[in-house]
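# Structural overview
Listed here are the chains, written in short residue letters.
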Amino acid sequence: MTSAVAQERPASAPAKRGGGVRLANLVKRYGDTLAVDDLSVEVGAGEFVALLGPSGCGKSTSLRILAGLEQPDQGSVHLGDTDVTAVPAHRRDIHTVFQSYALFPHLNVADNVAFPLRQKGLGRDEIRTRVAEALALVHLPHAAGQAVTSMSGGQQQRVALARAIVDRPSVLLLDEPLSALDRSLRQAMQVELRLLQQELGVTTVLVTHDQEEALSLADRIVIMSHGKIEQVGTAEDVYDRPASLFVARFVGEQNELVTDAGLVLVRPEHVRVEEPADEAAGPNAVDGIVRGVSLAGISSVVLVHSPHHNLLARVPRDGRPLPRVGDAVRCTWDQANVRLFPTPEGES
Ligand code: ADP
């Protein structure tokens, strides 16, 4: 993003701050599948919350219920103080951005973005002003006349975003909005999306299976499994203080050691690779042989095998020599970085 682009933004007042959202005890079945199982989530006004979980855990169904595209079997949906469970999708003050963009290929950029405003019957001048404003916000100030079919995936996603915000909804829903983009573009768009969300102050719910996206974008993350909530918290909460074994395994990387006390989890970045020592290894140490060393960006990954455990260590590239394959080493970590869970049945 350049300052030149930023200066082209219209100086009009930011959109209103959205009201909050509340999903209360939602249940949704498809035949024998319990897609959403008594789910309750509150999103504060202007807050950015991500629903994160593996494929099939009920994220999209929850989002579709919130949007009004699906009816819950039980439970209710509230926008601000209003129960909107029975209100149809087009009457809810909510806009959704889908992974597929869902743009109209036969309309140019401006007409795509103007679509929700035309639906509402706004006047031509008002539409032109609002479209220009929305396109400036997504850094496409000169794209109004372009054919959407001539645009890159990233540009099309911005047009879809502009269409979602042009009507200044109080709630913005994002269903895997960036997953069709390649990695570097996705990361750049994450930063832009976050800035845009903050600038608009719009209450936002993101659905994603990409933990990096959830951790980097959201104020709070709702981690789901089998239609239920496993944990709600900030990125630090779910990463450093996982509430369940599922969360500990799902977010980030873990080494798992089956011990008499239970399942010991320690993250690779907390494992130190040291010289072998004569005294017996204590509880937070494992002696082994280096089986692999690889470069992974700002850190290196060292794979250590011992008779009972295989360990991954992520060591900073701080100039110290790395161990070599075949070296005998001692891996150690601090007790403070250990998460202990009961060993699940069938995994001992
Ligand atoms: P996620 O978004 O986390 O991948 P979904 O909400 O799409 O999960 O799906 C949750 C469960 O409900 C899955 O088992 C899925 O197969 C099922 N499901 C979702 N939509 C339908 C549908 N329209 N008909 C039948 N089953 C569905």
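### Quick notes on the overall build of the protein chain
Secondary structure summary: the protein chain contains nine helices and 18 strands in total. In terms of overall dimensions, the protein chain has a C-alpha envelope of 80 × 50 × 30 Å along the principal axes. Counting all 348 residues of the protein chain, 48% fall into the buried class. Restricting the contact set of the protein chain to residue pairs at least 6 apart, pairs at least 24 apart contribute 66%.

### Comments concerning the side chain of asparagine 284
In this structure, asparagine 284 sits in the loop between strand E13 (272-274) and strand E14 (285-296). A distance of 2.9 Å separates polar atoms of two side chains, one belonging to asparagine 284 and the other to glutamine 335. Asparagine 284 has contacts with Cys331, Thr332, Trp333, Asp334, Gln335 and Val338, leaving out every residue within four places of it along the chain.

### A closer look at the site of the ligand
As a structural note, the neighbourhood of the ligand is formed by Tyr30, Thr33, Ala35, Pro54, Ser55, Gly56, Cys57, Gly58, Lys59, Ser60 and Thr61. Glycine 58 is positioned such that a nitrogen or oxygen atom in its backbone is 3.0 Å from an oxygen atom of the ligand. Between the ligand and threonine 61, the relevant distance is 2.5 Å, taken from an oxygen atom to a side-chain nitrogen or oxygen of the residue. Relative to its unbound accessible area of 560 Å², the ligand is 57% covered by the protein chains.

### Looking at unusual backbone geometry
Positive phi values are uncommon outside glycine, yet asparagine 25 reaches one of about 50°. Mapped onto the fold, asparagine 25 is located in strand E1 (residues 21-30).

### Concerning the packing of helix H5 (residues 153-165) against helix H6 (residues 183-200)
Orientation of H5 relative to H6, taken along the N-to-C sense of each, is 15°, at an axis distance of 12 Å. Judged on the interaxial angle alone, H6 and H5 are roughly parallel. Our pair here, H5 against H6, has a crossing hand that is right-handed. Across the interface between the two elements, Gly154, Gln157, Arg158, Leu161 and Ile165 from H5 touch Leu185, Met189, Glu192, Leu193, Leu196 and Leu200 from H6.

### Thoughts on helix H4 (residues 124-137)
If you check H4, its first and last C-alpha atoms are 20 Å apart, about what 14 residues at 1.5 Å a residue would give, namely 20 Å. Of the positions making up H4, those classed as buried are Ile127, Arg130, Val131, Glu133, Ala134, Leu135, Ala136 and Leu137. As for H4, its buried residues are in contact with helix H3 (109-119), H5 and H6. Following H4 by one or two positions, histidine 139 has its phi on the positive side, about 65°.

### A word on the pairing of strand E3 (residues 48-52)
In terms of burial, E3 is a largely internal element, five of the five residues being buried. Taking every second residue as pointing to the same face, both faces of E3 are buried, with Phe48, Ala50 and Leu52 on one and Val49 and Leu51 on the other. Sheet topology places E3 next to strand E8 (residues 203-208); five bridges connect them, and they run parallel. Residue pairing for E8: valine 49 is matched across the bridge by valine 205.

### Here's the deal with the sheet that holds strand E7 (residues 171-175)
On the basis of which strands lie adjacent, the open sheet formed by six strands has the order E6-E7-E8-E3-E9-E10 and mixed pairing. Each edge of the sheet is formed by a strand with only one pairing partner; in this case those strands are strand E6 (94-98) and strand E10 (228-233). Strand-to-strand, the axes of this sheet are offset by a mean angle of 15°, without reference to chain direction. Here four bridges tie E3 to strand E9 (residues 220-225), and the two strands are oriented parallel to one another. Looking at the pairing, leucine 51 lines up with valine 222 of E9.

### Here we look at the domain arrangement of the protein chain
Domain assignment breaks the protein chain into domain 1 (6-247) and domain 2 (254-341). Between domain 1 and domain 2, the residue contacts involve seven residues of the former and six residues of the latter. Across the domain 1 to domain 2 interface the summed buried area is about 560 Å²; carbon plus sulfur atoms make up 56%. In terms of surface lost to domain 2, no three residues of domain 1 exceed Tyr239, Pro242 and Leu245, which account for 78% of the buried area on that side. Joining domain 1 to domain 2, the criterion identifies zero salt bridges. Counting across the interface, domain 1 meets domain 2 through three residue pairs in polar contact (both at pLDDT 80 or more). Among the elements that take part in the side of domain 1 that touches domain 2, helix H8 (residues 235-240) stands out by supplying three residues, more than any other.

Conventions we followed
Residues numbered from 1 in each chain as written. Predicted model: local features only at pLDDT ≥ 70, side-chain atom pairs only at ≥ 80, totals over all residues. Heavy atoms only, no water. Helix = DSSP H or I, 4+ residues; strand = E, 2+ residues; numbered from the N terminus. Buried < 20%, exposed > 50% of the residue type's maximum accessible area, 1.4 Å probe, protein only. Contact = heavy atoms within 4.5 Å. Polar contact = N/O pair within 3.5 Å; in protein donor to acceptor, adjacent residues only side chain to side chain. Near = heavy atom within 4 Å. Areas by Shrake-Rupley, 256 points an atom, 1.4 Å probe, with all protein chains shown as cover. Axes fitted to C-alpha atoms, helices over the stretch in contact; angles between N-to-C directions. Parallel < 35°, antiparallel > 145°, perpendicular 65-115°, else oblique. Left-handed = near helix turned anticlockwise from the far one by under 90°. Expected span 1.5 Å × (residues − 1). Pairing = 2+ DSSP bridges. Domains from an automatic or database assignment. Buried area = accessible area lost by both parts, 1.4 Å probe. Salt bridge = Lys/Arg side-chain N within 4 Å of Asp/Glu carboxyl O.

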